[in-house]
Amino acid sequence: DTAVSQTPKYLVTQMGNDKSIKCEQNLGHDTMYWYKQDSKKFLKIMFSYNNKELIINETVPNRFSPKSPDKAHLNLHINSLELGDSAVYFCASSPKLTQNTEAFFGQGTRLTVV
Amino acid sequence: GNSVTQMEGPVTLSEEAFLTINCTYTATGYPSLFWYVQYPGEGLQLLLKATKADDKGSNKGFEATYRKETTSFHLEKGSVQVSDSAVYFCALGPSGGYQKVTFGIGTKLQVIP
């Protein structure tokens, strides 16, 4: 059983399109995240939700909109895709937002905008 | 805010060599410290962690000690294998109201036979 699963694993799309990436965790965790990893492997947090409530929203363009229908799911919708959005997007979850808990990561979604 | 400084790679070692990847941090409060590993084409996996000063995390032959006096959490392994080739991330847990895990830039390790 996959703990944190993302779909799709690969996504190739044209500039200007709108796309969504889905994430689900079956660990019963309260907190979920989206991270963006660029070509140099630098990992940057985008959003964090705790019990469906947005708690971290880093400086991310408005074209990115997270949606958490319940605490097991955190989807990422991207409007008007741009070339610079090409990256690997990771979903992660952690039990709760305390200092001792590590994050569990999904396998990533490689987004290529052409 | 919290921050992590991690040595830049890539690091290339021969099999059975000794590995050190340096990591230092700046934090408010007393965060937990983590090392994550990312194998090619995969997501990040927790390698080891330490939750308080002087704790030593260890896993798969890797070790790191939480040094509060030097604000460091260096990763070490006595004898690396080709299968250890991956990207290693040092990370800082939430602390002092800073509500997120903060990652270093990642260090790519390549082990050659």
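Note that residues are indexed from 1 along each chain, following the sequence as it is written. Labels are handed out in written order, letters beginning with A for the chains and numbers beginning with 1 for the ligands. Residues qualify for local features only when their pLDDT is at least 70, as the model is predicted, and side-chain atom pairs are given and counted only at 80 or more; totals for whole chains, interfaces and linings, by contrast, use all residues. For side-chain calculations, the full set of non-hydrogen atoms in the structure is used, while hydrogens and water are omitted.

(A) Structural detail: the pairing of strand β11 (residues 109–113) of chain A. Residues and elements named next belong to chain A. Think of it in three bands: with a 1.4 Å probe and only protein chains considered, a residue is buried below 20% of the maximum accessible area for its type, exposed above 50%, and partly exposed in between. Numbered from the N terminus, helices here are DSSP runs of H or I no shorter than four residues, and strands are runs of E no shorter than two. Alternating positions in β11 separate cleanly, T109, L111 and V113 being buried on one face and R110 and T112 remaining unburied on the opposite face. In short, DSSP must find at least two bridges between two strands for them to pair. As paired strands, strand β2 (residues 10–13) and β11 are joined by 4 bridges and run parallel to one another. Following the sheet pairing, Y10 is matched in β11 by R110.

(B) Spotlight on the nonpolar core. Take the buried residues of types Ala, Val, Leu, Ile, Met, Phe, Trp, Tyr and Cys, join any two whose side-chain atoms come within 4.5 Å, and each joined set is a nonpolar core. Counting residues in hydrophobic clusters, the biggest one holds 26 residues, and the most contacted among them are W35(B), L47(B), L48(B), F73(B), L75(B) and Y88(B). Of all elements in the fold, only β2 (11–14), β3 (19–21), β4 (23–26), β5 (33–38), β6 (44–50), β8 (62–65), β10 (86–92) and β12 (107–112) of chain B reach the threshold of two or more residues within this core. By residue number, the principal contributor to this core is β10(B), which donates 4 residues. Should any heavy atoms of two residues lie within 4.5 Å, those residues are counted as being in contact. Not counting residues within four places of it along the chain, the set of residues in contact with L48(B) comprises L33(B), F34(B), W35(B), G57(B), S58(B), N59(B), F62(B), E63(B), A64(B), F73(B) and L75(B). Counting 20 residues, the second largest nonpolar core, distinct from the first, contains C23(A), F64(A), L76(A) and L81(A).

(C) Quick peek at the environment of S48(A). All names here are of chain A. Positionally, S48 belongs in strand β5 (residues 43–50). Residues S48 and T109, 61 residues apart in the sequence, show an inter-C-alpha distance of 17 Å. Other than its neighbours up to four places away in sequence, S48 contacts T31, M32, Y33, E53, L54, I55 and I56.

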